[in-house]
Amino acid sequence: MADDSPQFWRDERLPFVEARAIADGRKLCYSLHSHEFFSIGAITAGTSSYIHGEQRLEVKAGDVVIINPQQAHGCNPIGDRPWAYIMFYIDTGWLARLQQEPTHDQQGFTPFTACLSHDPILFAGLNRLYALLLDPLRSHLEKQIALVDYFSELPLRLGTTPTQPIDINPKLATAAAFIRRHCTQSLTLEAICQASGLSPSYLIRAFKKRYGMTPHAYLVNQRIQYGHRLLKRGFPIAAAASESGFADQAHFQRTFKQLLAATPGQYQTPSTTK
């Protein structure tokens, strides 16, 4: 596998976690996007740009990036400067249960306040965890314990007091939920406005401020997330494209790569543990 090709890892016995690594990210370019799951990654070499909502940051080797579910973000090379990373994608429900264990709080996943950490313990632990998961000689039990241990410690090191958006119209959440629920269909602006009770001009302006992208970009992102889930379940690329609401497979493949900096085929052929 070329250094500039993403390497994916997943294990059917650990369905709550996936991992990805890239040794040379100079050719990787992400459009602004979001995920339904929690993401955390370590910059293992070089320097890159990091967009997190309205923040524009420069990250370097030793840094850890933290991305809450549905947070618009992107990491891209700076000129031709090399950079490398590992990234973990964690099921929100699984992580929420770990957050709740100390207090028995049933409120669900609590967003992390930090979007970037320079903590060397978090960085080193993430690298050890990645190496452990990829090691075929390590047992399933050892991997499972290591995952629980690391992500149980994460709230203690990062803090999880949520920062509540100020003066956010709750109808925006209704609009976003409507788009997610009907993302495979052909939606109109009028339908989204009718479902949320918002005017077109207010919806477009306020939605972008709240979610970091326009309603259309959010719809496309949701379709890619839907297709991503189908690929994980073993759907052929053509079927995933059709079921996700794309006109053809080529459009699905182009958009998938634009948002996730990998082709559907690359995602379908990970390093796996059976």
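Scroll up a little and you will see the structure.
In this report, the structure presented in the accompanying data block is examined. None of these values were measured; they are calculated from a predicted model. (Residues numbered from 1 in each chain as written. Predicted model: local features only at pLDDT ≥ 70, side-chain atom pairs only at ≥ 80, totals over all residues. Heavy atoms only, no water.)

**Overview of the pattern of salt bridges**
No. 1: Considering all chains together, one arrives at 10 salt bridges under this definition.
No. 2: Here Asp-11 makes a salt bridge to Arg-13, at a shortest N to O gap of 3.3 Å.
No. 3: Linking Glu-142 and Arg-138 is a salt bridge whose minimum nitrogen-to-oxygen distance equals 2.7 Å.
No. 4: Take Glu-142: its relative accessible area is 31%, and that puts it in the partly exposed class.
No. 5: Bridged by salt links that share partners, the residues Asp-24, Arg-26 and Asp-80 form one connected network. (Salt bridge = Lys/Arg side-chain N within 4 Å of Asp/Glu carboxyl O. Buried < 20%, exposed > 50% of the residue type's maximum accessible area, 1.4 Å probe, protein only.)

**Remarks on the side chain of Ser-117**
No. 1: Tracing the backbone through its elements, the reader meets Ser-117 in strand S8 (residues 116–117).
No. 2: Take Ser-117: its relative accessible area is 9%, and that puts it in the buried class.
No. 3: At 3.1 Å, the side chain of Ser-117 forms a polar contact with the backbone nitrogen of Asp-119.
No. 4: The contact partners of Ser-117, leaving out residues within four places of it in the chain, are Gly-62, Asp-63, Val-64, Ile-66, Leu-122 and Leu-158. (Helix = DSSP H or I, 4+ residues; strand = E, 2+ residues; numbered from the N terminus. Polar contact = N/O pair within 3.5 Å; in protein donor to acceptor, adjacent residues only side chain to side chain. Contact = heavy atoms within 4.5 Å.)

**Overview of the side chain of Asp-11**
No. 1: Positionally, Asp-11 belongs in strand S1 (residues 7–11).
No. 2: Overall, Asp-11 belongs to the buried group, its relative accessible area being 3%.
No. 3: From its side chain, Asp-11 meets the backbone nitrogen of Arg-13 in a polar contact 2.9 Å long.

**Comments concerning helix H9 (residues 249–260)**
No. 1: Between its first and last C-alpha, H9 extends 16 Å over 12 residues, near the 16 Å set by a 1.5 Å rise per residue.
No. 2: All of the buried residues in H9 are Phe-252, Thr-255, Phe-256, Leu-259 and Leu-260. Each buried residue of H9 lies within a common arc of 105° when the element is viewed along its axis, so the set occupies one face.
No. 3: Each element contacted by the buried residues of H9 is listed here: strand S2 (17–22), helix H7 (215–232), helix H8 (237–243) and helix H10 (264–268).
No. 4: Its side-chain oxygen placed 3.2 Å from the backbone nitrogen of Ala-250, Asp-248 serves as the N-cap of H9.
No. 5: Count one or two residues on from H9 and you reach Ala-261, which has phi positive near 55°. (Expected span 1.5 Å × (residues − 1). Arc of directions from axis to C-beta.)

**As for the nonpolar core**
No. 1: Core analysis: the biggest nonpolar cluster contains 31 residues, and Phe-38, Ile-40, Phe-88, Leu-95, Leu-147, Phe-151 and Leu-154 have the highest contact counts within it.
No. 2: Sorting the residues of this core by element identifies S2, strand S3 (38–52), strand S5 (64–67), strand S7 (83–90), helix H1 (92–100), helix H2 (120–134) and helix H3 (140–158) as the ones contributing at least two each.
No. 3: Considering each element in turn, this core owes the most residues, six residues, to H2.
No. 4: Setting aside chain neighbours within four positions, we find Phe-151 in contact with Phe-38, Ile-40, Phe-88, Ile-90, Trp-94, Leu-95, Leu-98 and Leu-129. (Core = buried A, V, L, I, M, F, W, Y, C linked by side-chain atoms within 4.5 Å.)

**A few points about the environment of Pro-200**
No. 1: Relative to the assigned elements, Pro-200 resides in helix H6 (residues 200–211).
No. 2: With sequence-adjacent residues up to four places away left out, Pro-200 is seen in contact with Leu-189 and Cys-193.

**What about the packing of H1 against H3?**
No. 1: Packing of H1 against H3 leaves a shortest axis separation of 9 Å and a crossing angle of 65°. Considering the relative orientation of H1 and H3, their crossing is right-handed. Only Leu-147, Val-148, Phe-151, Ser-152 and Pro-155 of H3 make contact with H1, whose side of the interface consists of Trp-94, Leu-95, Leu-98 and Gln-99.
No. 2: Tallied by class, residues from the contact of H1 with H3 come to seven nonpolar, two polar and no charged. (Axes fitted to C-alpha atoms, helices over the stretch in contact; angles between N-to-C directions. Left-handed = near helix turned anticlockwise from the far one by under 90°. Nonpolar A, V, L, I, M, F, W, Y, C, P; charged D, E, K, R; others polar.)

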